[in-house]
Amino acid sequence: MKAAEIGRRYLDFFAGREHAVVPSASLLYNDPTLLFVNAGMVPFKPFFTGEEPAPWKRAVSNQKCVRTLDIEEVGKTTRHGTFFQMLGNFSFGDYFKKEAIQYAWELVTTEQHNGGFGFDPEKVWVTVLGPGFHPDYPEGDKEAIEYWLQAGIPREHIQGRSLKDNYWNMGVPGPGGPCSEIYIDRGAEFGKDGGPEADEDRFLEIWNLVFQQEDLSAVRAKDDFDIARQLPTQNIDTGAGLERISYLLQGKKNMYEIDEVFPVIELAAKMAGKAYGKDPEDDVRLRVVGDHVRSSLMLMTDGVTPGNEARGYVLRRLLRRSVRSMRLLGVTDPVLPELLTVSKGLMEVSYPDVADQWDRVLPVATNEEQAFRRTLTQGTQLFDLAVADVKGSGSPKLGGDKAFQLHDTFGFPIDLTLEMASEAGLDVDIEGFRSLMDEQRNRAKADAKAKKGGTVSHEAYRALREQGETPFLGYTELSLPTTLRGIIADGQVSDRAQAGQTVELVLAETPFYAESGGQDSDAGTIVVDGVSLDVLDVQRPVPGLVVHKVQVPEGVDFGAGSEAKAIVDAQYRLGACQAHTATHVLGAALRELVGPTATQAGSYNKPGYLRFDYSSQQSMGEAMRLEIEERCQQALRENLEFRASELPLAEARARGAQAMFGEKYPEIVRMVELGDGSWSRELCGGTHVASTAQIGMIDILSEQSIGSGARRFEALVSTDAFKHLAGERALVNGLTDILKTRPEQLTERVEKLVADLKAAEKQIADLKAKQLMAGIGDILATAHDVNGYTVLTEQVPGVGGNELRNLATELRGRLGDIASVVALIGGTDEKPVLIVATGQAARDKGAKAGALVRVAAEKLGGKGGGKDDMAQGGGPNGAAAPEALAALEAALQG
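Right, let's walk through the structure included here. (Residues numbered from 1 in each chain as written. Predicted model: local features only at pLDDT ≥ 70, side-chain atom pairs only at ≥ 80, totals over all residues. Heavy atoms only, no water.)

Here the focus is helix H6 (residues 242-249). For H6, the buried fraction is high: 7 of the 8 residues fall into the buried class. All of the buried residues in H6 are Leu242, Glu243, Ile245, Ser246, Tyr247, Leu248 and Leu249. In the segment just after H6, glycine 251 is the residue with positive phi, at about 70°. (Buried < 20%, exposed > 50% of the residue type's maximum accessible area, 1.4 Å probe, protein only. Helix = DSSP H or I, 4+ residues; strand = E, 2+ residues; numbered from the N terminus.)

What follows is the structure, encoded as structure tokens:
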């Protein structure tokens, strides 16, 4: 049974039992605690925590997930993969343990021709929470045992296990509960008998049923927590691994051999001239390729582009590990286009958007591979220098710090470093490397833990949200009477706001737009008890709740329940509307002229200014930028009418409405259109002008790269655009007056001035070079012996790097075949330049320019490097030049 069929069968089973089929959320789900969706329940978390009311009583999904904490273990075991699909059925206060267990048993054991998975009931084992592991469960989860027995499983196939195995929580205060896991006995060839307690390779977990019934007040560890109370509703959250079920039903030994992965492995093996299953080391590399290519494809489909931070860094690492693994298999030609094409054909069956986004995805991957191939070339050069230094010092081992620098700074893989070091006859301090890697991981985990702990404590917001949501009336109203429903001070719900405090106010309804969708929050005032409070910020910390940050003046206090009046600054709102609608205009012009692959990757707008990020691998020429700007102005001249409507999400998508990657949308969405929708049709909750003519003007300031595969427009809008253009006109007028020329001749005039300046600078440099060469005799006369070396050390103030290198080369040549060392310091006191040149005879005696320049540059407060015959360095302390030259001579003595 193919993986896609297993997923479809799961959804159909629960759809037939009154579950709403919920499409997979994007991997870029907007949860601030996660890089990617890493579990099937993530999109449902707000419903389980009570932040939002669940729109269904029952739901079922096949959720895309990515986990990368154990990326180094991928391919080495059958348990680690980065991309996987989590099947899950969910109940929000509807059915509970009995039904969840019955459904699972039925689907797992029903014959395939009757719609089930067809596992032999005699090979099914389950685990439940055992007795004695928590004071609230002295006898364990007796209920779950009873329901499993009723379902038909033998008592000897039910095992009690610890909290670590059979209690689920999120790792932070919130919902939790015991769980029950389903295992399949794979047979004696995979390990010893005795159930999951005896061997989890033979007995493979396929499904976890979580019985959410408790509210945890503290979570110190997976098996160390406090239960505050029972939840108001009992919920079901389950997760079944599609890949695990697939390789069991397909008769394979691991997840890499299933139908959605193995064809990529087969192609990789063919490209490398290898046979999968023949060599364990080769098999690990082939499995890395199979896993990482699929994971990269799915991440890029959901809008991730390679980069040096966060999500982009994870994708870059996956792509580069794939290329690296193919290189270690002996393939040095480009590989990603062919491998990704095969994976696309496999995954588009379940995820049609893989095909829809392909024209954007393939160039991203191709460019990243090309960049990495250049990195490998650069890394090889750096590696060679490191090897030369090690051999020069007589050490047989490359330091762990060098290996870590190559890996962390230049992206040079450690296993490639190990392979090349072996070829050079060197070992690598792998323990030192691993220690530095562990330090880096620990820092990352500490940062993630701090971030997680800092973003989930929303008790005050949740408490006020439970009293009802804050209706936003600002589409039609800018001023309205209301009631102060709640106050949050110092992170706690408070009855009163005290003088001098910065507090957050919750109103019964609000005209203020809360920052979201790239649009900045509104400005204005809230009048309470006759006192006018400036609104500093407006946010939506949990869905449905709007909070207004204000500073309470001295001598003023007020309490919750007071009558209030909310007044939005009308001019500020108009400016925000102009910028926001201009963002839509720019995005539409970009898609029209560049193509549908130029998808929006983010935006920010406020009165007078907009920023628009989009995905692209190519730089944009000035001609195209001007054409896009002209297309925007055309939309303004056409005075396109703005229209907004609310409709089901599926209908909006069917009508071609643009949506942001990773954005969470409700079932009913707000769709905004410019004109009849032919110019722009997008999902958007922001505020807009009534027609495009009200924008006035769009002045694109710049278009530039902000990372691999990502670019950014910045533009001014309305009067800010006019002021900027007026300033530029004044600048042009001033230059034409100074240069005594006409505006249309200004460029030509400035180009001539620049050319004349360069010619004059070259003349000066030539004269300076002649002066230097004329003084060579005086410098040669200072040559002296240092430990058998003929040494020239000289300060040459004001001489730049190129002239200094030429002078050092000339002096070394004049000294002839003797063991010569030339050290010159030029530049300025603020930025000295150091050049060291050595003759062949000096190098034969052990004097290496690269090593000497580092010694001297350290005295200048900087660094240096280069080859054995010529090296360059510098630093910020030119006054220490005498000490630097003395240190170099001391090194020759040593």
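This model, assessed by the stated rule, comprises 24 aromatic pairs. A centroid spacing of 5.9 Å and a plane angle of 90° characterise the contact between phenylalanine 14 and tyrosine 103, whose relative ring orientation is edge-to-face. Here tyrosine 103 lies in helix H3 (residues 97-109) and phenylalanine 14 lies in helix H1 (residues 3-15), a separation of 89 residues in the sequence. Accessibility classification places phenylalanine 14 together with tyrosine 103 in one group, the buried group. (Phe/Tyr/Trp six-rings, centres within 6.5 Å; stacked < 30°, edge-to-face > 60°.)

Let us now look at the packing of helix H9 (residues 310-328) against helix H12 (residues 358-393). A pair of packed helices is captured by two measures, namely the crossing angle of their axes and the spacing between those axes. The N-to-C vectors of H9 and H12 enclose an angle of 60°; their axes lie 10 Å apart at closest approach. Accordingly, the angle class assigned to the pair H9 and H12 is oblique. Of the two elements, H9 crosses H12, and the hand of that crossing is right-handed. Facing Arg316, Leu319, Arg320, Val323, Arg324 and Arg327 of H9, the residues of H12 in contact are Glu368, Glu369, Ala371, Phe372, Thr375 and Leu376. (Axes fitted to C-alpha atoms, helices over the stretch in contact; angles between N-to-C directions. Parallel < 35°, antiparallel > 145°, perpendicular 65-115°, else oblique. Left-handed = near helix turned anticlockwise from the far one by under 90°. Contact = heavy atoms within 4.5 Å.)

With that settled, consider the side chain of arginine 681. Within the fold, arginine 681 resides in strand S25 (residues 680-683). Under the relative-accessibility criterion, arginine 681 is labelled buried at 18%. There is a polar contact of 3.0 Å between the side chain of arginine 681 and the backbone oxygen of arginine 655. A polar contact is formed between the side chain of arginine 681 and the side chain of glutamate 673, at a distance of 2.7 Å. Excluding residues that lie within four positions of it along the chain, arginine 681 makes contacts with Arg655, Gly656, Ala657, Gln658, Met671, Val672, Glu673 and Asp676. (Polar contact = N/O pair within 3.5 Å; in protein donor to acceptor, adjacent residues only side chain to side chain.)

Moving on: the side chain of threonine 838. For threonine 838, the position within the fold is in strand S31 (residues 832-838). Since its relative accessible area comes to 0%, threonine 838 is described here as buried. A distance of 2.8 Å separates the side chain of threonine 838 from the backbone oxygen of aspartate 868, its partner in a polar contact. In this view, threonine 838 contacts Arg812, Ser820, Val821, Arg843, Ala847, Lys848, Ala849, Leu852, Asp868 and Asp869; residues no more than four positions away in its chain are not counted.

Spatially, S23-S24-S25 is the arrangement adopted by the 3 strands of the open sheet, whose pairing is antiparallel. One side of each edge strand has no neighbouring strand; the edge strands of this open sheet are strand S23 (642-648) and S25. Going across the sheet, the axis of each strand differs from the next one's by a mean of 25°, ignoring polarity. Pairing of S23 with strand S24 (residues 668-674) involves 7 bridges; the strand directions are antiparallel. Note that in S24 the partner of arginine 643 across the bridge is glutamate 673. (Pairing = 2+ DSSP bridges.)

It is worth spelling out the sheet that holds strand S22 (residues 609-615) at this point. Strands sit in the order S21-S22-S27-S26 across an open sheet of 4 strands; the sheet is antiparallel. In this open sheet, the two strands that pair with only one neighbour each are strand S21 (600-606) and strand S26 (698-707). The mean inter-strand angle of the sheet, taken between neighbouring strand axes irrespective of direction, is 15°. Sheet analysis places S21 next to S22, joined by 6 bridges and oriented antiparallel. Within the sheet, the bridge partner assigned to serine 603 lies in S22 and is phenylalanine 612. Lying over the sheet, helix H20 (residues 718-739) contacts S26 and strand S27 (710-717), oriented at roughly 90° with respect to S27.

Moving on, we get to unusual backbone geometry. One non-glycine residue with positive phi stands out, namely aspartate 529, at about 50°. Secondary-structure assignment places aspartate 529 in the loop between strand S16 (524-528) and strand S17 (531-539). Of note, the phi angle at serine 718 is positive, near 60°, even though the residue is not glycine. Note that serine 718 resides in helix H20. On the accessibility criterion, serine 718 (15% relative accessible area) is buried.

Turning our attention to a nonpolar patch on the surface. A contiguous nonpolar patch, built from Leu731, Leu735 and Ile738 and spanning about 310 Å² of accessible area, is present on the exposed surface. Secondary-structure assignment places leucine 731 in helix H20. (Patch = residues over 30% accessible without salt bridge, like charges linked within 9 Å, V, L, I, M, F, W, Y side chains within 5 Å. Areas by Shrake-Rupley, 256 points an atom, 1.4 Å probe, with all protein chains shown as cover. Salt bridge = Lys/Arg side-chain N within 4 Å of Asp/Glu carboxyl O.)

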